[in-house]
Amino acid sequence: MISPNLKAAGDSHRTAAAERSRQRSQDAADIGPPPEVVDPERKERCRYNLLDFLVTYFPNSTGLKPFSEDHIRAIKSIELAILKGGRYINAVYRGFAKTTISENAAIWATLYGHRRFVGIVGATGEAADENIEAIQTELANNEMLFDDFPEVCHPIVALDNKLQRCKTQTIGKDLTYIKWNAGKIVFPTVIINGKTTAASGAIIMGCGLTGRVRGMKHKRKDGVNQRPDFVIIDDAQTDETAASADQCAKRIKLITRAILKSAGHTKTMSAVINATVLECDDVIDQLLDHDKHPEWEGLRVSMVKKWAKRHDDYWLDDYKRIRTTYDPSIPGDRARAAADATAFYKRRRKLMDEGCEISWEHCFDPECEISAIQHAYNILIDDGEDAFAAECQNNPNRADDTALDLMPLVTLASLMNDFERCLVPPNCRTITMGIDVHKRLLYYTILAISDSFDVYIIDYGTWPEQKRRSFLLRTAKPTIQKTYPGLGEEEQIKSAVRDLLNLQMGRTFLNKSGEAYQIKMALVDGAWGEYSAEVREGINLSKYVTRVYPAFGKGIGANENPLLSYASKEGEFRPADNTIPWRILPSKSIGERHVQWDTNTVKSFVHNRLKTPRGAHGSMSFFKADRPHTLYAEHLLAEDCRLIEGKKRKAHEWKLPTSKPDNHWFDTTNMAITAGSMCGLSILNKPKSTPKQNRRQARAKRKRVTQA
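A brief structural summary. (Residues numbered from 1 in each chain as written. Predicted model: local features only at pLDDT ≥ 70, side-chain atom pairs only at ≥ 80, totals over all residues. Heavy atoms only, no water.)

Next up on the list: the pattern of salt bridges. The tally for this structure, following the rule as stated, stands at 36 salt bridges. Note that Asp-285 and Arg-300 form a salt bridge whose closest N and O atoms lie 3.0 Å from each other. Of this pair, Asp-285 sits in helix α11 (residues 283-287) while Arg-300 sits in strand β14 (residues 297-300), and the two are 15 residues apart along the sequence. Owing to a relative accessible area of 16%, Asp-285 belongs among the buried residues under this scheme. For Lys-603, the salt bridge identified is with Glu-639, shortest N-O distance 2.9 Å. Residue Lys-603 is found in helix α21 (residues 599-611), and its partner Glu-639 is found in the loop between α22 (630-636) and β27 (640-645); the two are separated by 36 residues along the sequence. (Salt bridge = Lys/Arg side-chain N within 4 Å of Asp/Glu carboxyl O. Helix = DSSP H or I, 4+ residues; strand = E, 2+ residues; numbered from the N terminus. Buried < 20%, exposed > 50% of the residue type's maximum accessible area, 1.4 Å probe, protein only.)

Printed below as a string of structure tokens:
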């Protein structure tokens, strides 16, 4: 049995040992006060001058070469956004150092306490992580920053890149609450002479544009959820997403709704986008449109402001010929040709430079080039005009808009056949319908299609019906809301879809012989935002649910694999040929069954049918009327078509212009065409011809029949 005295002595010893251990841990965790500022005058000079800060504190990056006037303007816009607020776009060319400027500007904003929470948003999560890593490298290794901002850099350097020290690091007895993660930096909280330093607790966080941008927040030690008050978007898109209209629309929505609203309702978010225009109507090109996005102040910078006077002869004739004349089978011969071209330029530099205006005179490789003008022409010659226009001029060339010639409006509107409205032509036995859903109206088109895919528009209209011959969706009267008063928006959409289907699917269409037909299949636009479920319910409530499918159009671009190359799912149905790509898919998230179709391919198919001469195999026309079908034709011509040569293939891509004209009957036509293919019809089925019999064979046949 242990005596009480011995037990007490043991407890005392253990307590003392634990106290000594805690003291040693505290001594190890305490990093001591930060040193004095080395150059207070230099630090103060740059407090409200971002340009001076970039040049002074980063001699190996943003201070390496003198900035151009375009750089100074772009940097000034970032400075104004940080100090006074606002939203700015700097559309600059590749090699402008926009990413490094963005990163160093974030450091300036937080070191001086101009902003409490800076978000850096990249085109991808990986890109944003690289931004944060670059900022961490400067804060941990830049000696000049350590000299003048020791209250921030001293605790960072003391971590010695050991992240576990963040939780215990103290100055005196006060925790610094520093965080040093892959995607987030929280500056140390430091108290000097009883006052908390300006940068204490400031946050820099990285995030991909399609990542958790709505979740950019940090809980401070006082329990407050700090949200971003300034965001730098460094390249909002990749080459692939810039070429996709759907991706561009998605990213613009994320910027305008998720990012710019992430500060909450009590504070206005300041933002800067530093990027390059990669495609016509891409994210940056659209945001630079002042009429469409007046909330942004934009700057579009081109590498070459004016080409040289000897652009055609010296540069694109003599110089180009010398630079590109080499034997690719001889190693090093291309470098020899480039050196010969440089020697040619050096002898005639004064003449060849005359008249050329360049954005940044220091933008060239001194190891193989002697001027920024030569550098620009080398890119133009080596990479081509299209690449130069996009990567260097922020003005990408438009694709060949005439790749698919569209009919003139007057010609198209008058493209009528000899059959009255709702009359089925004698060679048709398949009737289909497409319905486009909108909050104010439903649009529909009804087609009669022959076995050889001759297409007749036999009826079209809206629900509710419009009394005027010419109208817009936004000015339509009456509307769905007026037709179903007293119901919520969800019930109104559901009721409208149900009633239109019951009305049209129950109709009987006759041909001249009195033969009766009904609509064999209908597709209804199911991709209608938050009310997609209501559209499906409206279909299910109709009497003709077995002949109606919700449809989801997908524009398959030139950088994507064709729709029918996707792996087939269990229970999936596909067409026999790929002229009209569609898939019937079972899906728990969208419904028991739905149709996915390639909008780009079907739209091109429709316009090829319209251009086919009437009476020829696969033609398309309107029913006979006393006036041209002008309004419907305007819908058919509302979209622009471009032939795009992408990484996967060459394909037509259709896009609605930024003015957004009504195109709803175009969509209904496409869905009705797709429904025809789903009924088993194909343009590849040529009209059958019956071989002529000679008179002797005919007489013999009639004789045998008579004898029988």
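This part covers the nonpolar core. With 47 residues, the main nonpolar core has Phe-453 and Ile-673 as its most contacted residues. Looking at this core element by element, the count peaks at seven residues for helix α23 (residues 664-678). If near-sequence neighbours (up to four positions away) are discounted, Phe-453 is found in contact with Ile-580, Phe-605, Gly-618, Ser-619, Ile-673, Gly-676, Ser-677, Leu-681, Ser-682 and Ile-683. One finds Cys-46, Ile-75, Ile-78 and Val-152 within the second-largest nonpolar core, a separate group that totals 42 residues. (Core = buried A, V, L, I, M, F, W, Y, C linked by side-chain atoms within 4.5 Å. Contact = heavy atoms within 4.5 Å.)

All right, on to a positive patch on the surface then. On the surface, Arg-212, Lys-217, Lys-219 and Arg-227 cluster together to form a positively charged patch. Its place among the elements puts Lys-219 in strand β10 (residues 218-219). (Patch = residues over 30% accessible without salt bridge, like charges linked within 9 Å, V, L, I, M, F, W, Y side chains within 5 Å. Areas by Shrake-Rupley, 256 points an atom, 1.4 Å probe, with all protein chains shown as cover. Lys, Arg positive; Asp, Glu negative; His and termini not counted. Charge placed at Lys NZ, Arg CZ, Asp CG, Glu CD.)

Time to look at the side chain of Glu-639. Here Glu-639 falls in the buried class, since its relative accessible area comes to 3%. A distance of 2.9 Å separates polar atoms of two side chains, one belonging to Glu-639 and the other to Lys-603. If sequence neighbours within four positions are ignored, Glu-639 has contacts with Leu-406, Lys-603, Trp-654, Lys-655, Leu-656, Pro-657, Asn-663, Phe-666 and Asp-667. (Polar contact = N/O pair within 3.5 Å; in protein donor to acceptor, adjacent residues only side chain to side chain.)

All right, on to the environment of Ile-156 then. Inspection of the secondary structure assignment puts Ile-156 in helix α8 (residues 150-158). For the pair formed by Ile-156 and Ala-140, sequence separation is 16 residues and the distance between their alpha carbons is 6.2 Å. Ignoring any residue separated from it by four or fewer positions in sequence, one finds Ile-156 in contact with Leu-139, Ala-140, Ile-178 and Trp-180.

Next up on the list: the pairing of strand β1 (residues 87-91). Of all five residues in β1, five are buried, a share of seventy percent or more. What you see with β1 is no split at all: Arg-87, Ile-89 and Ala-91 on one side and Tyr-88 and Asn-90 on the other are buried throughout. Pairing between β1 and β14: four bridges, direction parallel. Within β14, the position partnered with Ile-89 by the bridge is Gly-298. (Pairing = 2+ DSSP bridges.)

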